[in-house]
Structures are given as C-alpha cells and as structure tokens.
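Fold and geometry: a report
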Amino acid sequence: MVEREGLLELARRYRFDLRHRTRDASTYWQEGACWVFSRSELEQWLLPATRTLHELLMAYADMVCADPELLAWAGVPESWWEVLRWDRQSLPVTPLIRLDFAYDGMGPPQLLECEAEAPGGIFETGFFQLQWFEELGRACELPAGSSQWNRLHDALVAWFGAGAMPWPRLHIAAAIADSEDWLQARYLAACASQAGQHVQLIDLARLGVDAASMLHDGSGSSIERLLMLLRWHHLFKEPISEYLLPALKRGLRLLTPSWTHLLSSKSCLAGLWRMFPDHPLLLPAFLEGEATMDLGPALVRKPIDGHRGEGIVLYPGDGRRVSTSPETTPAEGAWVIQQYAPQCLMPARSGVEGAGCCVLSSWLVAGRPVALGMREGSDPVLTGSNCRFVPHLVLP
C-alpha cells in the first residue's frame, strides 16, 4: 500500500494529529499497509462474537444494578447506586461501545476489555479509515470486490436523528485539554449536526449548577440532553455529582448513562467470568485475591479504573515484567488479574520498527455491531501511547 498524497494536509484540515499518541513520535495513523479479513471470518467469528458479548454485558449490567453487594463489589460508591439504577431503567441502550479482542484468525476472538464511557478511536474508525477506503476505491487501487466493515458514521448519524423531532439543544462535553477526547467530541458533534440536531460543544470544566439545581453550560443555557466523554469514576468524586440524580428526575437525559461505568471498569472482566465461567469469548479474570483457579504463568494485571492502558502490567510467563507508562497506583485491592492471550502476531515490514501484535476493536452503536478498527504495535501491551491505527479491508 502507498500512502496518499497530501495525507498530512488532510489530517490538519480535521485537526487530526497523526503523531499525537505514539511514544516514539512515529506516525499513529499508518496506511502503508492494511489488515485484510475475509467475508466468511467476519460473518462466522467477528460479528456473532460482538453480538454475543453485547448480550452478556447487558445481562451483567442488569444483575449488578439490581444487587447492592455487586454494586459495592464493582467499586461503585453507595451514593451513586440510585443514579445507576435510574439510568439503567431510563436509558437501557448506550450509544457507543468498543470491544477490544485478542484474535488470531483461527477461531473466535476473546475479550480483552470493554470501553463504553469515553471510547477512543471513534473519528479514526468511523471517518478517517472510511475516507481512506473510498479514496483508494475511486482511484481503483483496491483489490476487486473489496469492502470495509464500517457503518459507524451512518449509524451515529441515524442514532442522533432518531425520534420525531430534534431536541431543543444537545450538549456534548469533553475536556478541551485532552486532544484525543476533544477530537472525538468534535466528530460526534458533526454527526449530531448532520442528523439535524442543534449541538453545543463545551468543555467539561464549564459544567455548572444553577439556582434550581439544574445543570448549565456556563453561558446561561440549561442542559437537557448531555453526552459526556468522561470516565464516570472521576465524576463520582466531583461536587457536581450530588446534583445529577435530582436533575435526572427533573428531565435531564444523559446519553452516556452512568451505568456504562460498569462495563468500562476492569471489574467487568471478573464479573463476566463469574457469571459466565468457561465461556469461549472470555478470558479467565478475577479481582486480585479472589482467583478460584490457576491462571497459569502468563498474566495481565490491570487497574480497575485504568484508561488507555494506564498501569497495565504483563507477566508473559518467561520471567519478564512488561508495563505501560504511566503506571498508576490504584486503591488497595483495585486490580483485576486476567489470563494473558497473545494477540495476533504482526510480521515486520518496511518503515515499521520490528514485528509485534495487534488488537481488534469491534464497535457497536445502540447495541448493533457496525465497524472494525485495528491497532498494532511492537509492544505486547497495546495502549493509546504506543500503538498505531491501521485501516482494514474485507475481501469476498
């Protein structure tokens, strides 16, 4: 594959920093190669696995929300239990979920983790890799019969446009200081605008509470519909959190509901294994100190509230200890131990340092599988700071 002419200028147009996440300053977006899947493996392995995992995750969320002991076990502060239950009943489907899989092409994938609060890679998956596919297709530079499993953009526009009338205003909030989250928020705002919504994009720091204990956007406008790219465990500790339940009861609708924390927390991996032991799509996982089986010598230790690979430590079974940076020190006991699954090995190729491995991300919008994204790298632990995004094709 040959990189498109004018790629850097194209990325600048969308304020997409091609180098913003790799530790070695190499290009994060890589189109000098692509991953190729067959239609049969997509239909036999990847889509059924995505649908099944979604069913398991929804069953897990229902069970945890209904059980105070499980809410405490999952690390949810008691003051938030009513909020999660309210959200689970009023908004049972979350707009976006990214499932990260270990997949070797020889059988069903296995879940590494789930991201449902502030999933990274929305823009890269739904827009930039689709644009790559369409441009190369128009230039007749793709194999005959090529397609791409990528309906993310259309699915988001359709989801934002669902309903008889546009909302008076939709607020989308993210931390403007976080370049990745702000990129994703701008893209989501563009999808909502395309769907006919009146969108206000705001910095999370501007969220406030008015005299009537309703949320406002810092410029005098009340907030009735809110989509936040935010890890809920951060919000648990903020003073504004005490106003959320009263605001929900007065009509506030959170489009990224609080119960998504149950899916994004790494405790979900242990909870799923507890509910569905020996399921072929799951890897054995336990809260640290609760293991009921020998996981073998190759293990991964993950902080429950880690994000973008923070604090993950891999023990591959050969005496090494491989960690991500920065490492975190969560509260005592707040770790999950998961059996290590070597990801699909990636051959060395020109312009990319060494061989490595990859992670397959399967995306759902409103519970339906819509797209694939591929990240790869030379480290056995792929995180936001050391991976490369590579587009994909599907061949007949």
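Throughout what follows, the structure given in this document is the object of discussion. Just so it is clear, the structure is predicted and the values come from calculations on it, not from any experiment.

Some thoughts on the overall build of the protein
- Of the regular secondary structure elements, the protein holds eleven helices and 19 strands.
- In the protein, which comprises 396 residues, the share counted as buried stands at 57%.
- Looking at the protein alone, contacts between residues at least 24 apart form 69% of all its contacts between residues at least 6 apart.
- Approximately 16800 Å² of the protein is accessible, and the part contributed by carbon and sulfur atoms is 53%.

A closer look at the nonpolar core
- Counting 76 residues, the largest nonpolar core has Met-228 and Leu-263 as its most contacted members.
- The dominant element in this core, judged by the number of residues it contributes, is helix H2 (residues 39–65), at twelve residues.
- Excluding residues within four positions of it along the chain, Met-228 makes contact with Glu-117, Ala-173, Leu-204, Leu-207, Leu-235, Leu-254 and Thr-256.

As for the sheet that holds strand E12 (residues 313–315)
- Spatially, five strands are ordered E10-E14-E11-E12-E13 in an open sheet, and the strand pairing comes out antiparallel. The outermost strands of the open sheet, each flanked by one partner alone, are strand E10 (285–287) and strand E13 (322–323).
- Across three bridges, strand E11 (residues 299–303) lies against E12 in antiparallel orientation. Within E12, the position partnered with Arg-301 by the bridge is Val-313.
- Helix H11 (residues 267–275) contacts E10, E11 and strand E14 (335–339) of the sheet and is inclined by roughly 115° relative to E10.

Focus on helix H6 (residues 152–161)
- Counting buried residues in H6 gives seven out of ten residues, a clear majority hidden from the surface.
- Those residues of H6 that fall on the buried side of the exposure criterion are Leu-152, His-153, Ala-155, Leu-156, Val-157, Trp-159 and Phe-160.

Quick word on the state of the cysteines
- In total, this model carries zero disulfides according to the counting rule given.
- Distance from the sulfur of Cys-114, which forms no disulfide, to the nearest cysteine sulfur (Cys-268) is 5.9 Å.

Quick notes on empty space enclosed by the protein
- With the rule as written, the count across this model stands at four cavities of 30 Å³ or more.
- Put simply, the second largest cavity is a space of about 70 Å³.
- With three residues, the top contributor of residues to the lining of the second largest cavity is H6.
- Residue classes in the lining of the second largest cavity are distributed as ten nonpolar, two polar and one charged.

A word on unusual backbone geometry
- Located in the positive-phi region is Cys-140, a residue other than glycine, with phi close to 60°.
- Within the secondary structure, Cys-140 sits in the loop between helix H5 (122–138) and H6.
- The backbone phi angle of Ala-366 is positive, close to 50°, even though this residue is not glycine.
- Summarising the element assignment, Ala-366 is placed in the loop between strand E16 (356–365) and strand E17 (368–377).
- When its relative accessible area of 30% is taken as the criterion, Ala-366 is described as partly exposed.

A few points about the packing of H5 against helix H7 (residues 179–194)
- Taken N-terminus to C-terminus, the directions of H5 and H7 make an angle of 50°; their axes are 9 Å apart at the nearest point. On the basis of their axis angle, the class for H5 and H7 is oblique. Here H5 runs over H7; the crossing is left-handed. Contacts between H5 and H7 involve Ile-122, Phe-123, Glu-124, Gly-126 and Phe-127 from the former and Leu-183, Gln-184, Tyr-187 and Leu-188 from the latter.

Structural notes on the sheet that holds strand E5 (residues 199–203)
- Read from one edge to the other, the open sheet built from four strands follows the order E5-E4-E8-E9, with strand pairing classed as parallel. Whereas interior strands pair on both sides, the edge strands pair on one side only; in this sheet they are E5 and strand E9 (253–254).
- Of the pairings in the sheet, the one linking strand E4 (residues 170–174) to E5 comprises five bridges and is parallel in character. Note on E5: the bridge partner recorded for Ala-173 is Ile-202.

Let's talk about the pairing of strand E2 (residues 96–102)
- Across the seven residues of E2, seven count as buried, placing the element largely inside the fold.
- Going residue by residue along E2, you find Leu-96, Arg-98, Asp-100 and Ala-102 tucked away on one face and Ile-97, Leu-99 and Phe-101 tucked away on the opposite face as well.
- Two elements, E2 and strand E3 (residues 110–115), share five bridges in a ladder whose sense is antiparallel. In the strand pairing of E3, Leu-99 is matched with Cys-114.

Remarks on the pattern of salt bridges
- Under the defined criterion, the tally for this structure stands at 13 salt bridges.
- When the shortest N-O distance is used, the salt bridge between Arg-4 and Glu-31 registers 2.7 Å. Highlighted residues: Arg-4 in the segment before helix H1 (7–13) and Glu-31 in the loop between H1 and strand E1 (35–38), separated in sequence by 27 residues.
- We classify Arg-4 as buried; its relative accessible area is 9%.
- Since its relative accessible area comes to 1%, Glu-31 is described here as buried.
- Across the salt bridge formed by Glu-135 and Arg-4, the nearest N and O atoms sit 3.2 Å from each other. A residue pair is termed long-range when its members are at least 10 positions apart, and Glu-135 in helix H5 and Arg-4 in the segment before H1 qualify at 131 residues.
- Several salt bridges share partner residues, and in doing so they unite Arg-4, Glu-31 and Glu-135 into one network.

Definitions and cut-offs
- Residue numbers run consecutively from 1 along every chain, following the written order of its sequence.
- Local features are withheld for residues below a pLDDT of 70 in this predicted model, meaning they are given only at 70 or higher, and side-chain atom pairs are given and counted only at 80 or more; totals for whole chains, interfaces and linings count all residues.
- Side-chain measures here rest on the full set of heavy atoms in the structure, leaving out hydrogens and waters.
- Elements are defined by DSSP. Helices are runs of H or I of four residues or more, strands are runs of E of two residues or more, and each kind is numbered from the N terminus.
- Three exposure classes are used, based on accessible area relative to the maximum for each residue type with a 1.4 Å probe and protein chains only: buried under 20%, partly exposed in between, and exposed over 50%.
- When checking whether two residues touch, look at their non-hydrogen atoms; a contact exists if any pair is within 4.5 Å.
- Per-residue and other accessible areas follow the Shrake-Rupley method at a 1.4 Å probe size, with only the shown protein chains counted as cover for residues.
- Residue types Ala, Val, Leu, Ile, Met, Phe, Trp, Tyr and Cys, when buried and joined through side-chain atoms within 4.5 Å, form a set referred to as a nonpolar core.
- Pairing between two strands requires that DSSP report at least two bridges joining them.
- Only C-alpha atoms enter the line fits that serve as axes; for helices the fit covers just the stretch in contact. Angles between N-to-C directions range over 0 to 180 degrees.
- Any two cysteine sulfur atoms within 2.5 Å of one another count as a disulfide.
- Any residue with an atom within 4 Å of a point lines the site, the site being either a cavity, points on a 1 Å grid over the protein atoms alone where a 1.4 Å probe fits but cannot get out, or a pocket, an open set with protein on both sides within 12 Å along at least 5 of 7 lines.
- Grid points are joined across faces, edges and corners, and a volume is the space filled by probe spheres set on the points.
- Only Asp, Glu, Lys and Arg are considered charged in this grouping, and only Ala, Val, Leu, Ile, Met, Phe, Trp, Tyr, Cys and Pro are considered nonpolar; every other residue, Gly among them, is considered polar.
- Roughly parallel covers angles under 35 degrees, roughly antiparallel covers those over 145, roughly perpendicular covers 65 to 115, and oblique covers all other angles.
- Should the near helix be turned counterclockwise from the far one by less than a right angle, the crossing is left-handed, whereas a clockwise turn marks it as right-handed.
- The salt bridge criterion pairs a side-chain nitrogen of Lys or Arg with a carboxyl oxygen of Asp or Glu, the two atoms within 4 Å.

Remember, this is a structural readout, not a statement about activity or role.
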